[in-house]
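Breakdown of the fold
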Amino acid sequence: MATAPLLEKPAPSPPTPAERERRAARLRRSVHEQLTAYGFLCAAVVLFALFSWWPIIRNVLLSFQHVDFATGGTWAGTANFEKLLSDPLLATAWRNTALFTAYALILGFFVPFLTAVLLNEFRHARAYFRILVYLPVMLPPVVVALLWKWFYDPGPGLFNEVLRTLHLPAADWLDSSSTSLISLVIVSTWANMGTATLIYLAALQTIPGELYEAAELDGANLWQRLRHVTIPQTRFVLLVLLLLQVVATMQVFTEPYVMTGGGPEDSTVTVMFLIYRYAFVYNDFGTASALSLLLLLVLAAFSALYLRVTRHAKED
């Protein structure tokens, strides 16, 4: 039996000149947008490489040179590192930096978190308290250091005047090696706690209210809600800010430089302050670069830990 011939699909008609013009216009617009985007990206990459990566590479090169900016540097091998390791002040600087970081974690880590918990409990005027907590962050660090240096002044300083009013003995806040470092930690905590507090507060507000309601129905008090609800729900934010604070506090410089000058008895000489002293007091930029490289390696280890933690959190 004969079959009917298959219907042939009509051939597409060639595009009209108007359609070709529209397609060409869309192509030109797409190419223009892509070139503009890559142009902005290339500019950002160039600026980042110029002001971030090149100084790091330059620092690595300087750490293996005897640097004389008048005539150029000469290759020194590991001489800068040998000189650095033979300096007894190096161990003091690392110890002071480690102590500052530890004290800052005790104060600067828990105080902002507890402050955020208290602010989260407020039902009225919460915005005003946020502004009040964040105000110190808006002050320049040098201004904060000079302000607190007056607070700590052994003569007319605010704190000692308060102690005298209470008939208590005045304290040598910055003039004693036993109290100078912790005094700087208090300044750093006060100046920088605003940002951490707001981050914690934002994390607390993402916790479902049903969890707190269930805890209250079970008779949980504030401490029990904090232990069994708040901390488990914000443990990722707590860990991330802990690592970031370690990286930040190990680079402390402004407070020792402005308030104590590294004293008394080198009790506030930190690694960053020792780098400054090598570079701009001793004019030994090679040794300063070598110490900067050691600090970079330590901070890179904490940064790698931070990236690992955040990557695992995203995968979970």
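Overview of the structure.

Definitions and limits used
Residues numbered from 1 in each chain as written. Predicted model: local features only at pLDDT ≥ 70, side-chain atom pairs only at ≥ 80, totals over all residues. Heavy atoms only, no water. Patch = residues over 30% accessible without salt bridge, like charges linked within 9 Å, V, L, I, M, F, W, Y side chains within 5 Å. Areas by Shrake-Rupley, 256 points an atom, 1.4 Å probe, with all protein chains shown as cover. Salt bridge = Lys/Arg side-chain N within 4 Å of Asp/Glu carboxyl O. Helix = DSSP H or I, 4+ residues; strand = E, 2+ residues; numbered from the N terminus. Phe/Tyr/Trp six-rings, centres within 6.5 Å; stacked < 30°, edge-to-face > 60°. Buried < 20%, exposed > 50% of the residue type's maximum accessible area, 1.4 Å probe, protein only.

Looking at a nonpolar patch on the surface
Judged by side-chain polarity, Leu47, Phe48, Leu50, Phe51, Trp53, Trp54, Ile56, Ile57, Leu61 and Leu296 come together as a nonpolar surface patch covering roughly 1000 Å² of accessible area. Considering every element that reaches the nonpolar patch, the biggest residue donor is helix α1 (residues 17-62), with 9 residues. Within the element layout of this structure, Phe51 appears in helix α1.

Some words on the packing of aromatic side chains
Scanning the model with the defined rule gives 21 aromatic pairs in all. Geometrically, the ring pair formed by Trp148 and Phe151 is edge-to-face, given 5.4 Å between the ring centres and 70° between the ring planes. Of this pair, Trp148 and Phe151 both sit in helix α5 (residues 141-151), 3 residues apart, roughly one helical turn. Of the two residues, Trp148 and Phe151, both sit in the buried class. Seen in terms of ring centroids, Tyr257 and Tyr276 are 5.0 Å apart; in terms of plane orientation they differ by 75°. Their pairing is edge-to-face. A residue pair is termed long-range when its members are at least 10 positions apart, and Tyr257 in helix α11 (residues 254-260) and Tyr276 in helix α12 (residues 271-281) qualify at 19 residues. On the basis of relative accessibility, which here comes to 40%, the residue Tyr257 falls in the partly exposed class. The structure contains a cluster of three or more aromatic residues connected by ring pairs, namely Trp148, Trp150, Phe151, Tyr152, Phe159, Trp173 and Trp190.

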